[in-house]
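# Breakdown of the fold
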Amino acid sequence: MFVPIATLIAAEALPAGELNAAADRLHAAGLAIGESRWIEPGLVGELHFIGDRAAADAALADYRASADVLVLDDGARGARLLVSDMDSTMIANECIDELADYAGVKPQVAEITERAMQGELDFEAALRERVALLEGLSEHVIGDCLGHRIQPMPGARTLVRTLRSRGVDCVLVSGGFHSFADVIGAELGFNAVFANRLVIEHGHMTGALEGGIVDAARKAAILMEQAVGQGLEAAQVIALGDGANDIPMLKAAGTGIAYHAKPAAIAAADAHIAHGDWTALLHALGIARDDWSE
């Protein structure tokens, strides 16, 4: 039986008595309190309890203005597979929007991207519409874009490399493009990468895609294929994402984490990181800072 743990990661600092106050809130909500301790005084604390995670989430809701509150089963600490989205999750960009800037159509493409990530548009149709606007763009801009514009999310490399060092398989699944995802996946330390392929002929993008589309359903299917292939249960799988096309994947995993995410993704996830970087998840998984792989 898994025991829930609430981890508070302050955006700046929490008063010394705040962890006891948080424990009192959980007790008032009818939850049985176990161990509570500061991991890093004033910055990171955790509370073990017995009872409903949703009740704990509600009891600690006021802390979300100044801290990330991740209420997870301790089973997540034994995860063996991590599956993550790329754009606006592992990197701070939407690659297709950046390519569109080179093509002079960024405002038009970015608007479609935002609506797709909010769940307002069919993902595949929106993707094909945006890729069509890249027709004629030189493939050389991909290298320039990777070198000058694409930035990993803070803590992303530390998260992936730390989990890899602990025997966790890390898989990058992107509704974006292999041209970016292969490079980013290698840089951050992922085991495997799944993404879409741009059709390039004579050194220029044709405005088309090759093969099947990595959409919301495909992301969830990849997660399940990876888990089944390794003989893992859902409790041993963590999924990370930020947009509507990540929702099936977030729900399929034993632990779904939304990151600075759209409302629909937040509602589907088990927890949301809204203030900190990806090292917040390392805290929530009980991995001490001295054990992080930089």
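We now turn to the structure provided with this report. These figures come from a predicted structure and were not determined experimentally.

Cut-offs and rules
- Starting afresh in each chain, residues are numbered from 1 along the sequence in its written order.
- At least 70 in pLDDT is required for a residue's local features to be given in this predicted model, at least 80 for side-chain atom pairs to be given and counted, and no such filter applies to totals for whole chains, interfaces and linings, which use all residues.
- The side-chain figures draw on all heavy atoms in the structure; neither hydrogens nor water molecules are used.
- Whether two strands pair comes down to DSSP finding at least two bridges between them.
- Where helices and strands are cited, they refer to DSSP runs of H or I of at least four residues and of E of at least two residues respectively, numbered from the N terminus.
- To get an axis, a line is fitted to the C-alpha atoms, and for a helix only the part in contact is used. The angle between two axes follows their N-to-C directions and goes from 0 to 180 degrees.
- Stacked, edge-to-face and tilted labels apply to pairs of Phe, Tyr and Trp rings (six-membered ring for Trp) whose centres lie within 6.5 Å, assigned for plane angles under 30 degrees, over 60, and everything in between, in that order.
- Three labels apply to residues, based on accessible area from a 1.4 Å probe with only protein chains included: buried if under 20% of the type maximum, exposed if over 50%, partly exposed otherwise in between.
- Criterion for a charge above a ring: Arg CZ or Lys NZ at most 6 Å from the ring centre, at most 35 degrees from the ring normal.
- Any pair of N or O atoms that falls within 3.5 Å is considered a polar contact. Within protein, one atom must be able to donate a hydrogen and the other to accept it, and sequence-neighbouring residues count only if both atoms are side-chain atoms.
- Residues count as neighbours in contact if any of their non-hydrogen atoms are within 4.5 Å of one another.

## Topic: the sheet that holds strand β9 (residues 237-241)
Read from one edge of the open sheet, seven strands run β8-β7-β6-β5-β9-β10-β11, paired in mixed fashion. The open sheet has two edge strands, β8 (204-210) and β11 (271-273), and neither has a second partner. Neighbouring strand axes in the sheet, compared pairwise and without regard to direction, differ in orientation by 25° on average. Looking at chain direction, strand β5 (residues 81-84) and β9 are connected through four bridges and run parallel. Its bridge partner being in β9, S84 is matched across the sheet by L240.

## A look at the packing of aromatic side chains
Scanning all chains against the criterion turns up one aromatic pair. Ring plane angle 15° and centroid distance 4.2 Å describe the contact between Y259 and W278, whose orientation is recorded as stacked. Separated by 19 residues along the polypeptide, Y259 in strand β10 (residues 255-259) and W278 in the loop between β11 and α12 (279-284) bring together distant segments of the chain. Relative accessible area serves as the criterion here: at 0%, W278 is assigned to the buried category. Above the ring of Y102, the side-chain terminus of R149 is found at 4.4 Å from the ring centroid.

## Side note on the pairing of β8
Two faces make up the sheet, and in a regular strand the side chains alternate between them. Summarising the sheet, strand β7 (residues 192-201) and β8 pair through four bridges and their orientation is antiparallel. Bridging across to β8, I200 finds its partner in M205. Between β7 and β8, which pair antiparallel and follow one another directly, the connecting turn spans two residues, one of which, H202, has a positive phi of 55°.

## Some points on the side chain of E46
With respect to the helices, strands and loops of the structure, E46 is situated in strand β3 (residues 44-50). Separated by 2.9 Å, the side chains of E46 and H48 make a polar contact. At 2.9 Å, the side chain of E46 forms a polar contact with the side chain of R77. With near-sequence residues (within four places) excluded, E46 lies in contact with I5, A6, T7, L19, E35, S36, R37, I39 and R77.

## Remarks on unusual backbone geometry
Although it is not a glycine, S88 adopts a positive phi angle of roughly 65°. With respect to the helices and strands, the residue S88 is situated in the loop between β5 and α3 (95-103). You will see that H260, though not glycine, has its phi angle at about 40°, which is positive. You can see H260 is positioned in the loop between β10 and α11 (263-268).

## Some details on the environment of E225
Relative to the assigned elements, E225 resides in helix α9 (residues 216-229). Given the relative accessible area of 44%, E225 is considered partly exposed. A sequence separation of 104 residues divides E225 from L121, and the C-alpha atoms of the two residues are 26 Å apart.

Remember, this is a structural readout, not a statement about activity or role.
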